[in-house]
Amino acid sequence: MTNTSAFDAPLTLAPDAVLIVIDVQQGFDDEEFWGPRDNPDAEKRMVRLIETWQATGRPIVTVQHASAAGPLVAGTPGHELKPEIAAVEPDLHIVKSVNSAFYGTPDLHEWLQARGAEQLVITGIMTNVCNEVTARMGGNLGYDVIFPADAMHTFAMAGPDGGLIPATELARATSAVLHTARFAKVVTTDAVLAAAEA
């Protein structure tokens, strides 16, 4: 668990806080495949975070998912990064085929340890899948994880009973779990930007 005093302290960002931009890929624009999404302004907030990280010289990691099937298969247009972040020159680019940025190539944890980085800010797609799993793993590995929940989005999903759960409810549940179980500090993009520019 994250240290209680550190978790409850006002948000501050380390000079080397790492922005992890997860799976911002064109295949997620396929509404016929994924269904309805939440948070239409998510990409705009991702860009604001990226621009601030670039302006302050903090490191950026981009992550790209390669699926065996569906819209994110490597070599297809859907696998490519969205235009909003395609021009970013990251300090590290990871390709993965599972739901955590910590299980990809190159090895994220190894890279962070080599840099001595302790603080992670997570953005990207999807809130309750790859973003949440990465945040949980980061918290368990001892990183100070910041989760600007308004700089990401997800899609409605069917529950085991067949009922459709709206994307907004799934995102809210993710924020509740990460916050209450103290895997991450769940904040707003504006709070992160204010801390970054302080």
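1. Quick look at the pairing of strand E3 (residues 92-96)
Argument step 1. Going residue by residue along E3, you find Leu92, Ile94 and Lys96 tucked away on one face and His93 and Val95 left uncovered on the opposite face.
Argument step 2. Note that strand E2 (residues 60-65) and E3 share five bridges and pair parallel. Along E3, the bridge assignment pairs Val61 with Leu92.
Argument step 3. Relative to strand E4 (residues 104-105), E3 runs antiparallel, the two being bridged by two bridges. For Lys96, the partnering residue across the bridge sits in E4 and is Gly104.

2. A few points about helix H6 (residues 127-140)
Argument step 1. Counted at 1.5 Å a residue, the expected span for H6 with its 14 residues is 20 Å, and the 18 Å between its end C-alpha atoms agrees.
Argument step 2. Across the 14 residues that make up H6, a large majority, 11, are buried.
Argument step 3. Turning to H6, its buried residues number three or more, namely Thr127, Asn128, Val129, Cys130, Asn131, Glu132, Thr134, Ala135, Met137, Gly138 and Gly139.
Argument step 4. A positive backbone phi angle near 100° is found at Gly142, which sits one or two residues after H6.

3. Side note on the packing of H6 against helix H7 (residues 167-180)
Argument step 1. Relative to each other, H6 and H7 sit at 10°, their axes nearing to 10 Å. Between H6 and H7, the interaxial angle falls into the category roughly parallel. Touching Thr127, Asn128, Glu132, Ala135 and Arg136 of H6 are Leu170, Ala171, Thr174, Val177 and Leu178, all from H7.
Argument step 2. Taken together, the residues of the contact of H6 with H7 break down into five nonpolar, three polar and two charged.

4. Some details on the side chain of His79
Argument step 1. Among the secondary structure elements, His79 is positioned in the loop between E2 and helix H4 (83-86).
Argument step 2. Within the local environment of His79, its side chain forms a polar contact with the backbone oxygen of His65, the two atoms lying 3.4 Å apart.

Each value, and the rule that gives it
- Residues numbered from 1 in each chain as written.
- Predicted model: local features only at pLDDT ≥ 70, side-chain atom pairs only at ≥ 80, totals over all residues.
- Heavy atoms only, no water.
- Buried < 20%, exposed > 50% of the residue type's maximum accessible area, 1.4 Å probe, protein only.
- Helix = DSSP H or I, 4+ residues; strand = E, 2+ residues; numbered from the N terminus.
- Pairing = 2+ DSSP bridges.
- Expected span 1.5 Å × (residues − 1).
- Axes fitted to C-alpha atoms, helices over the stretch in contact; angles between N-to-C directions.
- Parallel < 35°, antiparallel > 145°, perpendicular 65-115°, else oblique.
- Contact = heavy atoms within 4.5 Å.
- Nonpolar A, V, L, I, M, F, W, Y, C, P; charged D, E, K, R; others polar.
- Polar contact = N/O pair within 3.5 Å; in protein donor to acceptor, adjacent residues only side chain to side chain.

Taken by themselves, the reported measurements are silent on function.
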